[in-house]
Amino acid sequence: MDCERAIAVLLEAADGPVPAEDLAQAEAHCDACPECARVKAGLATLAAAPRPAAPPQLADAVLSAVRDERERAAEQARALEAAARELPARSSEPTGMPARSRWRGWERRFAGFAAAAAIVIVGLVAVGLSLPHVATMSGTAVVESAQDRTAPKSAAPPGAEPTAESNYGAAQASAVASAPPYVTLDGLVFRLESVERSIPSALATAGVIASALDDPESDPATMTALADPAEPSVTTIWLQAPDGRALRFRLVTRSYAGDAFALESGTPIARFGEWPTLPSRFAPPASPDGSPTFRYFGSDDRGVRIYVPAGARPLDGFAVAPGTTEDDPARGNPNWTWWVRLD
Ligand SMILES: [Zn+2]
C-alpha cells in the first residue's frame, strides 16, 4: 500500500468503519513510513479531542452550493415537463432518473465530502503537521475518496472494460478522444466484439470491407466480411485480418418503441478510432436542438433524445445529438448520428 492509499484509508477510518484488511494494511504502512505515521498520530489526536464545529463561512458556502444545485435540478425538471407536454403521447415516458432522486443522492454525497474536508482543514491547523507534504497528501486523498463515492457505476475508467477491444491495438487510446474499433459494411457500423482463434465454418460472404483496422499508418486493406446466412439481417460479421486474427464484430444498434435501429455512417470508416458521420443527405444541424435539419421528437428506449426531419416519424430513421455518454451505443460520438430501422 502506498502513502496516498494509506492516508485515504486512515481518513475513511476516522469517518466510519472500513474493511479490516484495508485498515491493517494502512497501519502496517505507517509502521514503515514515518510521514504517514505522523498523519496517523495527528488523526488519533483529533479523534480524542472534542469534535470541532466547521467554520461558519464553510457552512455558508456549502449551503449556497446546495441551494444552487437544487435550483438547477428544479429548472431541469420543469424543462423536461414542458418538453413532455409538447410530445405525442407515445414518447412522453420519463427520461432517465427523476431530477428529485438524482438531487438527493448528490446532496448526501456532498454533505459527506464537506464534513471530511472540514475535518482535514481543522485537523491540519489544530495538529500543526508539516504542511507541504501532508496538505498535498491528504488533499489528494480526500478528493479521491469523494470521487470514488460520486462516480456513477457506469463510468468505468478508460481501459477497464473487460472486452477484447480495450486490449486491441495501441490506437485505441480512450473512448472519449477516439472512436471504438468500428468498421462499416454497406454503410452500417459494426463494432469489434472479440478476437478469436479462428472463423467458424458455414459462414457466407456478406460483403467487402476496406479498413486498416488498428494500424493508424497503413492504407485500408480489402477484406471479405463473413456472416451466418441464417440470420435474417446481418448483425454479426467476421473478418480475417491480414495478420491472421479472426475478428468478430457486432452491428451497433439502439432501440426505439421496441424496434432495433442500426447506426449508419455517411463516410466509410477506414481504420479504428474514426467516428461514424451523419449521412450527407442531411445538412449538419446548426444548433444543439437539431435545427434546421431535425426537430426534437422524444426519447429512445434508454431515455436518449431522438430527432427527426420535419414531418417524418422515427420509424423512418432518427438522429441522435453529439456527445452521448460512453455507455450509449453512440459512445460520445462528436458528430450527429443517424439510425435506420432494421428489417
Ligand atoms: Zn507513507
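Residues numbered from 1 in each chain as written. Predicted model: local features only at pLDDT ≥ 70, side-chain atom pairs only at ≥ 80, totals over all residues. Heavy atoms only, no water.

Draft legend 1. Here's a closer look at the overall build of the chain. Helix and strand counts for the chain come out as six helices and 12 strands. The burial tally for the chain puts 37% of its 343 residues in the buried class. By sequence separation, contacts in the chain at least 24 residues apart represent 58% of the contacts at least 6 residues apart. As displayed, the chain offers around 18700 Å² of accessible surface, 56% of which is attributable to carbon and sulfur atoms. (Helix = DSSP H or I, 4+ residues; strand = E, 2+ residues; numbered from the N terminus. Buried < 20%, exposed > 50% of the residue type's maximum accessible area, 1.4 Å probe, protein only. Contact = heavy atoms within 4.5 Å. Areas by Shrake-Rupley, 256 points an atom, 1.4 Å probe, with all protein chains shown as cover.)

Draft legend 2. View of the environment of D300. Tracing the backbone through its elements, the reader meets D300 in the loop between β9 (294-299) and β10 (305-309). According to the relative accessible area criterion, D300 is buried, its value standing at 1%. In this structure the C-alpha to C-alpha distance between D300 and R254, which are 46 residues apart in sequence, comes to 7.7 Å.

Draft legend 3. Fine view of the packing of helix α2 (residues 20-32) against helix α3 (residues 34-48). As a packed pair, α2 and α3 sit with axes 6 Å apart at the nearest point and diverge in direction by 120°. Between α2 and α3, the angle falls in the class oblique. The two elements α2 and α3 meet at a crossing, and its hand is left-handed. Where α2 abuts α3, its residues E27, H29, C30 and A32 lie against P34, C36, A37 and K40. (Axes fitted to C-alpha atoms, helices over the stretch in contact; angles between N-to-C directions. Parallel < 35°, antiparallel > 145°, perpendicular 65-115°, else oblique. Left-handed = near helix turned anticlockwise from the far one by under 90°.)

Draft legend 4. Main features of the side chain of S211. If you trace the backbone, S211 turns up in strand β3 (residues 204-211). Classification of S211 by relative accessible area gives buried; the value is 1%. Excluding residues that lie within four positions of it along the chain, S211 makes contacts with V183, P220, A221, M223, I269, A270 and R271.

Draft legend 5. Local environment of the coordination of the zinc ion. Protein-derived ligands of the zinc ion are C3 (SG), H29 (NE2), C33 (SG) and C36 (SG), with the metal-ligand distances lying across 2.1 to 2.4 Å. Relative to the metal, the four donor atoms surrounding the zinc ion lie at angles of 102 to 114°, and the coordination shape comes out tetrahedral. Binding-site remark: the zinc ion is held by donors from one chain whose sequence spacing is C-x25-H-x3-C-x2-C. (Donors = N, O, S within 2.8 Å, 3.2 Å for Na, K, Ca; no water. Tetrahedral: all angles 85-135°; square planar, octahedral: opposite > 155°, others 65-115°.)

Draft legend 6. The packing of helix α1 (residues 3-15) against α2, seen in detail. Remark: α1 packs on α2, axes separated minimally by 9 Å, with the N-to-C direction vectors making an angle of 125°. As judged from the angle between their axes, α1 and α2 are oblique. Crossing hand, α1 versus α2: left-handed. Residues C3, R5, A6, V9, L10 and A13 of α1 pack against D22, L23, A26, H29 and C30 of α2. In terms of residue class, the contact of α1 with α2 is made up of eight nonpolar, one polar and two charged. (Nonpolar A, V, L, I, M, F, W, Y, C, P; charged D, E, K, R; others polar.)

Draft legend 7. Fine view of the pattern of salt bridges. As enumerated under the stated definition, the model contains 10 salt bridges in all. One salt bridge in this structure joins D214 and R245, with 3.4 Å as the shortest N-O distance. Pair noted here: D214 is in the loop between β3 and β4 (221-227) and R245 is in the loop between β5 (236-240) and β6 (246-251), with a separation of 31 residues, a long-range link. Judged by relative accessible area, D214 falls into the buried class, the value being 19%. Between D328 and R254 there is a salt bridge, with the nearest N and O atoms lying 2.5 Å from each other. (Salt bridge = Lys/Arg side-chain N within 4 Å of Asp/Glu carboxyl O.)

Draft legend 8. Broad picture of the packing of aromatic side chains. Taken as a whole and assessed by the stated rule, the structure comprises 11 aromatic pairs. Between the aromatic rings of F282 and F294, the centroid separation amounts to 5.4 Å while the plane-to-plane angle is 55°, which identifies the pairing as tilted. You can see F282 sitting in the loop between β8 (259-264) and β9 and its partner F294 sitting in strand β9, a full 12 residues away along the chain. Note on F282 and W338: the rings are 4.3 Å apart at their centroids and 40° apart in plane angle, and the pair reads as tilted. (Phe/Tyr/Trp six-rings, centres within 6.5 Å; stacked < 30°, edge-to-face > 60°.)

Draft legend 9. Focus on unusual backbone geometry. S291 connects to P292 through a cis peptide bond whose omega is 0°. Although it is not a glycine, L213 sits at a positive phi angle of roughly 50°. With respect to the element layout, L213 can be found in the loop between β3 and β4.

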